[in-house]
Each structure stands twice: as structure tokens, then as C-alpha cells.
Amino acid sequence: CILPLLTLLQASAAWTGRRYLRHGTLALRRTAGPMHAAVRMCEGDEDFQCSLQSSLKRAAVKNLGTSIESAMVPEDLAWYRAGSNSMAAALQEAKERLTKRKAEIGGEAALRELDQSIRDTEARAAARPLLKARPRLWLLDRDGCINEDIGAPGVLHTADLRLIPGSAGALRRLRLSGKVAVVTNQSARGKGLLSAADLDAIHEELRHQLAKTARGGRSGHEQWDALYVCEDASSSHRRKPEPGMILEALRDFDCAASEAVMIGDSWSDVVSAQRAGCVGVLLATGHGASLGAILQEEGVHLPVTLTATDAPVTEFMALQQSLHSAHASGVGRAVEKWICGRSKAEAALVWEALRTDVRVYANLSEAVDELAAIASGV
């Protein structure tokens, strides 16, 4: 019976500006917009029971058909009426804007635009806790993140190098908010499949394509601030998922781990960042494309946050069980389906990553747009 009352109070609190409506320990605050409000119950307060009883009485009055205003103390009534009037004005303004957009682009397109706007707002709110500090250093994987991943043994010739659409502009936007370093495993060099000169030529071509593609792009070595390459053909302290290269970058830029974000298309990128103490996010391009496809099949809109909450273990079956509780959701089904096609070693890597929240984006451009927007407010 108290839910209708809370709904009404939420509506009355959602007026333009940062205002509060307080009754005892019940606090409502405008958050994402004139139609979004958050309810916080402070159960540790000494007056909690008194406030709860008051709220229950007001709900009972409403259910009996009596005006809720008659049960309010004068100071609450003033806030309630102000909030209701502002809410009505906000709703009218939103209705007028929607009507205008329907006339401009058509009814269905306007509703799709509104739905996307709501999802974008919710997505940013979900991603905000990932950043503990404003990033000073952005770490990017190369293949599958900036340029297309063409499969093993990787890019061996400049002719094989193709940018992922939107990556050039995204990298340029990142450089406006901090330093950018490319961190990449290139085992083909360690296997003798290409020479040092060949690898240098590939990176020079990558710089050229980025400068040519991004509007107003800068030429030469300024496409990124540093390049870290691990040429080892087998596991080493520098080869991702080990954190060696990221730790080098943190030292070189005199940057705290909390001030760096790693963006890559594989779980080894995410785990490498986490082992270094940084935030790691995943792209549904390159190696991440298969997971992205399954998420799409399940009707999951990107970006999305993945997490597993059971006790920390590394066994393959335990990882599947940890996702079982989320099986009813599209995200849970998609991840469980995707995990079934992975090796035990990769499943263990995924589970290590999912001990903390992992944000998944459709591509680098989407990741940069959201993360840079959040970073500006941290």
C-alpha cells in the first residue's frame, strides 16, 4: 500500500534544479532529469520508525479516499505542491518536444529516439561507478580495437592494415582528455614471421591512416603518446594478460593505476588492466565480436555491464554455475552460451575478469563517447 505513495512522492520531487523533499528519513533527489528521482531510506536514523509510521498513515489515508494533502503538515504541503506544479510543467514541456520531433521525423522515429535517449541515460548511470578517478592515461589495444583483427598470425604487411570504422575519430577525442598509449602483443615478431623493420612500417602506416581518416587529424608520431609492444611468442611478464606493459606505462607517465583505463577486444586486455590495478573495458569487436553477436541474439543492448557474484573460483563449471542465477536475463543466457564454446583456460580468464564489473561496448567509438563523458564529471 505504500508503493503508490512513494510513486506520488517521487513525481512531486522530480522538478528542475537540485531540490529535496524530506519527511523524517525519506529523502528524494532529482538525478538524471525532470522525470528521474531516487529514493533513499536511511534505516540507521533514530527517527526511522516514526517516519515509517507517518508514511503508512498517509498511505492509509489515500486508500480510504481522503485527500493526501489533508494528512500533510504545512511545510510538507508547500514542498509537495511546488513539486507537483513543476512536474506538470516538465511533463508538458516533454510532451511538446515529443510532438515537435514527431512532426519533424515521424512518430515511430521520434519514439525510437526517445527510447534510445532513455537507454543512454541509464547506461551512463550504470557505468559511472567504474571510474574511481578522472583518467589521465588511456591504454588501447591495437588489433581488434583500432584496426581490424584479421586472425592469426596477425597483420604481417601494411596492405593487411584496415581501420575499424570510427576508431580514428575516437582516438583523436581521447587525446583531448588525456594521454594515449597503445599496448599490444605481437607474437608474430617473436616467431620470426616479420622483421623489426616490417613492424615499424606497419605502425607508421597505422599512424598515416589515423591521420588521414580523422577529420583534423594530426600527422606522424602524434597519433598516440607512446607505443608498448610485446614481441614474446610465449608467456612472459610483459605479454598480456600479465600486467608488465601496463605497469611500464604507468611508470613512464607517472600515473596512478586508478587514473588509467585499458580498452581492448579480449579478456586478456581486461585482466592485464585489472592485475595492474586499472579499469579494463571490453569491446565487441575483434575477439569480442562473438560475445557481442550472442548478446545481440538475446536482445541485449550495448553497452552493458557484466558481473559474476559467487565465491572466487577458477573452475570452468563453477564459472557456468556463477552465471546460472542470472540465466533468466538475456545477459546471463548470452554469457553462459558464449562460455560453453571457450577453453577452460579462457573460461578461467573470464572468471578472473568478472570478479569485478566489466563494461562491454559495441566499438571503440561508443566506449570513448561514454567514458569521456563520465570522466569529465568525475
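Residues numbered from 1 in each chain as written. Predicted model: local features only at pLDDT ≥ 70, side-chain atom pairs only at ≥ 80, totals over all residues. Heavy atoms only, no water.

S.K.: Can you walk me through the packing of helix α9 (residues 267-275) against helix α13 (residues 344-353) in this structure?
M.R.: The geometry of a pair of packed helices is captured by two quantities: the angle between their axes and the separation between those axes. Packing of α9 against α13 leaves a shortest axis separation of 9 Å and a crossing angle of 45 degrees. Classed by the angle they form, the pair α9 and α13 counts as oblique. Note that α9 runs across α13; the crossing there is left-handed. Where α9 approaches α13, its residues Trp267, Ser268, Val270, Val271, Gln274 and Arg275 are matched on the opposing element by Glu346, Leu349, Val350, Glu352 and Ala353. (Axes fitted to C-alpha atoms, helices over the stretch in contact; angles between N-to-C directions. Helix = DSSP H or I, 4+ residues; strand = E, 2+ residues; numbered from the N terminus. Parallel < 35°, antiparallel > 145°, perpendicular 65-115°, else oblique. Left-handed = near helix turned anticlockwise from the far one by under 90°. Contact = heavy atoms within 4.5 Å.)

S.K.: Looking at this structure, I do not really get the nonpolar core. What am I missing?
M.R.: Where a protein is soluble and globular, its nonpolar side chains tend to be buried together. By size, the foremost hydrophobic cluster in this structure holds 38 residues, and its most contacted members are Trp138, Leu140, Ile146, Leu210, Ile263, Leu364 and Leu371. Elements supplying a minimum of two residues to this core: β4 (137-140), α5 (167-175), β5 (179-185), α7 (196-213), β7 (260-264), β8 (279-283) and α14 (364-377). If you tally residues by element for this core, the top one is α14, at 6 residues. Among residues more than four places away in sequence, those in contact with Leu364 are Leu140, Cys145, Ser167, Ala170, Ile263 and Leu283. Counting 20 residues, the second largest nonpolar core, distinct from the first, contains Leu291, Ile294, Ala334 and Val358. (Core = buried A, V, L, I, M, F, W, Y, C linked by side-chain atoms within 4.5 Å. Buried < 20%, exposed > 50% of the residue type's maximum accessible area, 1.4 Å probe, protein only.)

S.K.: Is there a simple way to think about the sheet that holds strand β6 (residues 226-230) in this case?
M.R.: The pairing of strands in a sheet comes from backbone hydrogen bonds and takes either a parallel or an antiparallel form. Read from one edge of the open sheet, 7 strands run β6-β5-β4-β7-β8-β10-β9, paired in mixed fashion. Looking along the sheet, the strands with just one partner apiece sit at the ends: β6 and β9 (304-306). For this sheet, the mean angle separating the axes of adjacent strands, direction not counted, is 25 degrees. Pairing of β9 with strand β10 (residues 358-361) involves 3 bridges; the strand directions are antiparallel. Residue pairing for β10: Val304 is matched across the bridge by Val360. Packed on one face of the sheet, helix α8 (residues 244-252) meets β4, β5, β6 and β7 and runs near 155 degrees to β6. (Pairing = 2+ DSSP bridges.)

S.K.: Just to check I follow, could you spell out the pairing of β6 for this structure?
M.R.: The side chains of a regular strand alternate, residue by residue, between the two faces of the sheet. Of all 5 residues in β6, 4 are buried; the element is thus mostly enclosed. Strand direction decides the pairing type here: β5 and β6, joined by 5 bridges, are parallel. In the sheet register, Ala181 faces β6, and the bridge partner there is Ala226.

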